[in-house]
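# Observations on the three-dimensional arrangement
So you can see what is in the structure, the chains are spelled out below.
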Amino acid sequence: MWYTKNTSEVLKDLNVDESIGLSTEEAKKRIEKYGENKLASKKKKSIFQLFLAQLADFMIYILLAAALISGIMGEISDAIIIIIVILVNAIVGVVQESKAEKALEALKELSTPKAVVKRNGELTEIPSEEVVPGDIVIIDAGRYIPADLRLIESANLKMEESAFTGESVPADKDANVIIEGKVGVGDQHNMVFMSTLATYGRGIGVVVGTGMDTEIGKIAKMLDEEVEDSTPLQKKLEQLGKYLGIGSIGICFFIFIVSMFQKRDVFEMLLTSISLAVAAIPEGLPAIVAIVLAMGVQRMIKENAIIRKLPAVETLGSVNIICSDKTGTLTQNKMTVTKFYANDKLLHIEDLDFNLETNKLLIECMMLCNDATYSESSKTGDPTEIALLEAGFKYDITKDIINAEHKRIDEVPFDSDRKLMSTVNSYGQKYKVFTKGAIDSILKISTKLMLNGQILDLTENMKKDILKAVDLMSDDALRVLAGAYKDIDAPPHIGLDEIEKDLIFIGMVGMIDPPRLEVKDSISLCKNAGITPVMITGDYKNTAFAIAKELGIADSLNQSISGEDIDKLNDEDFSNKVRDLRVFARVSPEHKVKIVKAFKSHGNIVSMTGDGVNDAPSLKAADIGVAMGITGTDVAKGAADMVLTDDNFTTIVSAVEEGRNIFSNIKKSIVFLLSCNLGEIITLFVAILLNWDSPLLPIHLLWVNLITDSLPALALGVDPGDKGVMDLPPRNPKESIFGGSTKLMLPLNGILIGALTLVAFRVGEYLYPNSVPHARTMAFVVLSVSQLFYALSIRNDRKSIFQIGLFSNRFLIIAIIIGIILQASVITITPIAELFKVYSLTLKDWGFVILLSLVPLVINELLKIILRNKEI
Ligand code: ATP
């Protein structure tokens, strides 16, 4: 039992040196021995199972019945074709589904937590699955624990272990205790367990169990949270599919009854009705939507955005407020100290005289109360802290040396609510508390001030002078960090309350963090697209505003507010005021929830970024929670809908653009499928009502369904993004997909396709009075080819096919060519033509049917011209 041993015994048993960690070769050997660090998961469906699942569908049963009836009636060719249709449908379904599945899996993999381990003497981040027994793992607040660990170092470490203990209050952990006898998981205070979460403090542990050998593995409790992966649109479509199904079956039934009164052939009409029902129900639609979503999500990964929850893709297209953190997202997070304030003087950092006691103490405070590392070759940790070490390095002070001289005895980690961090360091026989943090927080806990080596009472006037200096620095967009200290005789064993009080103010440093170069353009793109960018930051108001102004987020200081002022307003007043605000400064994570709610109360669709442990509530409250991939904690990532792998604001804007395009592509596929299906219904419905010969045979319907519902519909779904999509306002999420011009264009095109097919049939009958099959062939070709051409004009409802580039969607062009070749083959290759009971058309016939087939395309293009002219 690892918890009964002391740390050196544990390290010896696991054969690892704490300061070096495992070597790459040793880790390789161990992974072979112990296996990957993951819990056994559910088995995946095989291709064959997927195939069978495709067949378990109501429509397929009907088709099978139709094939059976045809076979019994001696219509073997019909039966064969129906079977082929079923098989091809199922194969297309399997391909689509497995593609969508793969994309989702890739996503899951990308969003699995990583672990920071020491290997070959260096800290590296590796996928949790590669962690092996003996690995030295670094634990920070906000990180999930990758395996079972015996702690070897801990500082105020608290763990959320409710999965084991049911206890929602985080458990305190301590590397130095040794426990005797056998105790339960909840009492193993020197151990931390796989899948639990560090909520506070930090620590280092050595891996003692991985994969199924962990506590969580033992109870085989899968924490594999089920990701909700059908989007609101998918749900709506499912509903719509049902209605359409019932509607089409109703119409087909009606056609069948009418044809019985007309004394038509029962068997043929039964088959026609069934085929029409099959053709009319857009059964391929859910698969197409899924695949378009999945492919869009893949594209987003390449643009550094990982979608964790599929519904987010859709919501992205409606986002009209983007709330963004400042540091690292809008700025580069590359800090450099440029100014300092001490002894009542604001100077350039180059002018710092290290011989002055106050200056020396300021640098010591900033370097000792610091968790980063800095050498010329490697830097790790928070960029704010790295900048402080870099400033000291210029005076030849390195953290290692100063740390060895003044050992750290205790610490209170930084958190963005307090905006402070403290350490207790030894100074000879005595100790010093060092606290650094936001100037307002430091002033609140300081009672004295060091001036030219003397300790004076901190008066209101002095505070005013300090704040003047702060304003001077922050108006230059500098981030200000203050330092304070106090001498103590013995280190207190109490935390926060005793440490962070009655401090002596030393001074401040100001550091520059330049805006990201590309962000300015993204901000103007946002504004153009009807999206309001908003800055949310823990930083000082003037610093935040200076940067917001430079980036074009705000233009007047009135548009900014501080957390303190937010607290003074009640929810209603804040909600009224929020419309005019663009910069929220000195906010803590709880304010973020308030901000999201206030914006949402006006019907806005809000996206919010976050990285810390406490950001989870605001990420959840937002319509789109966005977590930082590099600096973000696992908690923030877990709560988010989207993770940015480059922490960049520009990525959010690209994701919104992609979201808009995905939605519009899905819409194109749907409108295409439904108008084509409507065309098929109209053709038969009208012909039967008018007591004409049936213009299409059942197999014709099935065939047309096969060539138009598959490739062209899919090709529309992957239409290249429309460059003008960010010139339009965000989509109103309440507006139906059939709103706007669609409610007119969809039926119009359905009627047009149906009418043209009937025209082809009647003209055929007129030209060839004794040959119904000849007329049918013409109708058959017009029905399929007109749909193929029509697909071209759906690509954009304003711009002409030439404006968007006739060949800019290669897939669609290929799909159309394949469709036409297949259609021509069915008609011209004799054995197949016999199967389809069609005639080879004459050149003149071809000319005629092609002309007719072009009509929907031409009419749609003409309508677009009218619409465009109306807009001018
Ligand atoms: P954003 O929310 O845009 O990322 P931020 O990084 O400034 O902004 P926080 O990390 O919450 O937000 O920091 C808030 C304030 O706390 C900073 O302005 C700074 O004064 C102080 N601060 C930041 N990092 C540290 C640190 N490591 N130690 C002490 N104080 C810090």
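The structure displayed is predicted, hence computed values, not measured ones. Each chain carries its own residue numbering, running from 1 in the written order of its sequence. Residues qualify for local features only when their pLDDT is at least 70, as the model is predicted, and side-chain atom pairs are given and counted only at 80 or more; totals for whole chains, interfaces and linings, by contrast, use all residues. Each side-chain value is worked out from all heavy atoms of the structure, with water and hydrogens disregarded.

## Regarding the overall build of the protein
Counting its secondary structure elements, the protein contains 32 helices and 26 strands. Projected onto its principal axes, the C-alpha coordinates of the protein cover approximately 115 × 70 × 45 Å. Counting every position in the protein, which comprises 872 residues, the buried fraction comes to 53%. Of the contacts formed within the protein by residues at least 6 apart in sequence, a portion of 71% connects residues at least 24 apart. Split by element, the accessible area of the protein, about 38,600 Å² in all, is 58% carbon and sulfur. We count Lys and Arg on the positive side and Asp and Glu on the negative side, and we leave His and both chain ends out. Where a charge lies is defined by one atom per residue type: Lys uses NZ, Arg uses CZ, Asp uses CG and Glu uses CD. Both charge centroids of the protein, one from 91 positive and one from 111 negative side chains, sit 4 Å from each other. Secondary structure follows DSSP: runs of H or I at least 4 residues long count as helices, runs of E at least 2 residues long count as strands, and numbering of each begins at the N terminus. Buried, partly exposed and exposed residues are distinguished by accessible area as a fraction of the type maximum, computed with a 1.4 Å probe on protein chains only: under 20%, between the cut-offs, and over 50%, respectively. Here, residues are in contact when the closest pair of their heavy atoms is within 4.5 Å. All accessible-area figures derive from a Shrake-Rupley calculation using a 1.4 Å probe, and residue coverage is judged against the displayed protein chains alone.

## Structural notes on the nonpolar core
Judged by nonpolar contacts, the single largest core of 131 residues is most densely connected at Ile322, Met642 and Phe649. Considering every element that reaches this core, the biggest residue donor is helix α25 (residues 649-689), with 17 residues. Either an automatic procedure or a domain database provided the assignment from which the domain bounds are taken. Viewed by domain, this core spans two of them, domain 2 (305-331 + 516-647) and domain 4 (661-871), each represented by three or more residues. The residues touching Phe649, leaving out its near neighbours within four places in the chain, are Ile322, Ser324, Thr329, Leu330, Val519, Ser522, Ile523, Cys526 and Pro533. Definition used in this section: a nonpolar core is a set of buried Ala, Val, Leu, Ile, Met, Phe, Trp, Tyr and Cys residues joined via side-chain atoms within 4.5 Å. Ranked by size, the runner-up nonpolar core spans 33 residues in total, among them Ile402, Phe434, Tyr485 and Ile504.

## Let's talk about the site of the ligand
Near is defined per residue: the residue qualifies when any heavy atom it owns lies within 4 Å of the molecule or strand. Neighbouring the ligand are 20 residues; Lys326, Thr327, Glu385, Lys436 and Arg479 lie closest to it. Here a polar contact is recorded for every N or O atom pair within 3.5 Å, except that within protein the pair must consist of a potential hydrogen donor and a potential acceptor, and residues adjacent in sequence are included only if both atoms are side-chain atoms. Between Ala438 and the ligand, the recorded distance is 3.5 Å, taken from a backbone N or O atom to an oxygen atom. In this structure, Gly538 approaches the ligand through a main-chain N or O atom, which is 3.3 Å from an oxygen atom. Burial of the ligand by the protein amounts to 90% of the accessible area it has alone, namely 600 Å².

## Some thoughts on the side chain of Ser786
Residue placement: Ser786 occurs in helix α29 (residues 772-794). Accessibility expressed as a relative area gives 0% for Ser786, which makes it buried. Reaching out from Ser786, the side chain makes a polar contact with the backbone oxygen of Leu783 at a distance of 3.4 Å. Beyond its immediate stretch of four places on either side in the chain, Ser786 contacts Ile753, Val781, Ser853 and Pro856.

## Points about the pattern of salt bridges
The term salt bridge refers to a side-chain nitrogen of Lys or Arg lying within 4 Å of a carboxyl oxygen of Asp or Glu. Tallying each qualifying case throughout the model produces 38 salt bridges. Each of Glu153, Arg202, Asp371, Arg408 and Glu411 takes part in one network of salt bridges that share partners.

## Quick word on helix α16 (residues 460-475)
A helix's residues, less one, multiplied by 1.5 Å, set its expected span. With 16 residues, α16 ought to run about 22 Å at 1.5 Å a step, and its terminal C-alpha atoms sit 22 Å apart, in line with that. Taken together, the buried positions of α16 are Lys463, Ile466, Ala469, Val470, Met473 and Ser474. On an axial view of α16, the arc spanned by its buried residues comes to 130 degrees, and they lie on one face. Opposite the packed face of α16, turned more than 90 degrees from it, sit the exposed residues Glu460, Asn461, Lys464, Lys468 and Leu472. Ala477 lies just past α16 and shows a positive phi near 65 degrees. An arc is given here, and it is the one of the directions from the helix axis to the C-beta atoms.

## A look at the pairing of strand β24 (residues 606-610)
Most of β24 sits out of view: five of its five residues are buried. Only strands that DSSP links by at least two bridges are regarded as paired with each other. Sheet analysis places strand β9 (residues 321-325) next to β24, joined by three bridges and oriented parallel. Bridging across to β24, Cys323 finds its partner in Met608. As judged from the four bridges shared by β24 and strand β25 (residues 624-628), these two strands associate in the parallel manner. In the strand pairing of β25, Gly610 is matched with Ala627. For the segment spanning β24, helix α23 (residues 616-621) and β25, crossover handedness is right-handed. Here, the term right-handed applies to a crossover whose path from the first strand over the helix to the second runs clockwise when the strands point away from the viewer.

## Thoughts on the sheet that holds β25
Backbone hydrogen bonds hold the strands of a sheet together, and the pairing may be parallel or antiparallel. Strand order in this open sheet of eight strands is β8-β26-β25-β24-β9-β21-β23-β22, and the pairing throughout is mixed. Each edge of the sheet is formed by a strand with only one pairing partner; in this case those strands are β8 (305-307) and β22 (560-562). Strand after strand, the sheet turns through a mean of 20 degrees between neighbouring axes, direction not considered. Of the strand pairs in this sheet, β9 and strand β21 (residues 532-536) are connected by five bridges, and their pairing is parallel. Counterpart to Cys323 in the pairing with β21 is Val534. Packing against the sheet, helix α22 (residues 589-600) makes contact with β9, β21, β23 (583-585) and β24, and its axis sits at approximately 170 degrees to β24. Note on method: axes are straight lines fitted to C-alpha atoms, helices fitted across the in-contact stretch only, with angles between N-to-C directions ranging 0 to 180 degrees.

## Quick word on a negative patch on the surface
A patch consists of residues whose relative accessible area exceeds 30% and which take part in no salt bridge; residues with like charges are grouped when within 9 Å of each other, and nonpolar side chains (Val, Leu, Ile, Met, Phe, Trp, Tyr) when within 5 Å. On the surface, a cluster of negative charge is contributed by Asp417, Glu564, Asp567 and Glu590. Topologically, Asp417 is positioned in the loop between β14 (408-415) and β15 (420-427).

## Concerning the environment of Ala775
Checked against the element boundaries, Ala775 lands in helix α29. Here Ala775 falls in the buried class, since its relative accessible area comes to 0%. Sequence-wise, Ala775 and Leu758 are 17 residues apart; in three dimensions their C-alpha atoms are separated by 9.7 Å. Each residue touching Ala775, except ones within four places of it in the same chain, is listed here: Ala760, Phe761, Gly764 and Glu765.

## Some words on the confidence of the model for the protein
Known as pLDDT, the predictor's confidence for each residue is given on a scale from 0 to 100. Per-residue pLDDT for the protein averages 87, and the proportion of residues at 70 or more is 95%. Segment residues 221-228: pLDDT under 50, and 15 contacts once partners within four positions in sequence are set aside and those in other chains are kept.

## Quick look at the domain arrangement of the protein
When its domains are assigned, the protein resolves into domain 1 (2-37 + 114-222), domain 2 (305-331 + 516-647), domain 3 (336-512) and domain 4 (661-871). Between domain 1 and domain 2, the C-alpha centre-to-centre distance is 35 Å. Listed by partner, the interface residues are six residues for domain 1 and four residues for domain 2. For the pair domain 1 and domain 2, the interface holds zero salt bridges. Looking at side-chain class alone, the side of domain 1 that touches domain 2 contains three nonpolar, two polar and one charged residues. Note on residue categories: nonpolar means Ala, Val, Leu, Ile, Met, Phe, Trp, Tyr, Cys or Pro, charged means Asp, Glu, Lys or Arg, and polar means any other residue, Gly included.

## Things to note about the environment of Ser675
If you trace the backbone, Ser675 turns up in helix α25. As for Ser675 and Gly750, which are separated by 75 residues in sequence, their C-alpha atoms are 4.4 Å apart. A distance of 3.3 Å separates a polar atom in the side chain of Ser675 from the backbone oxygen of Phe672.

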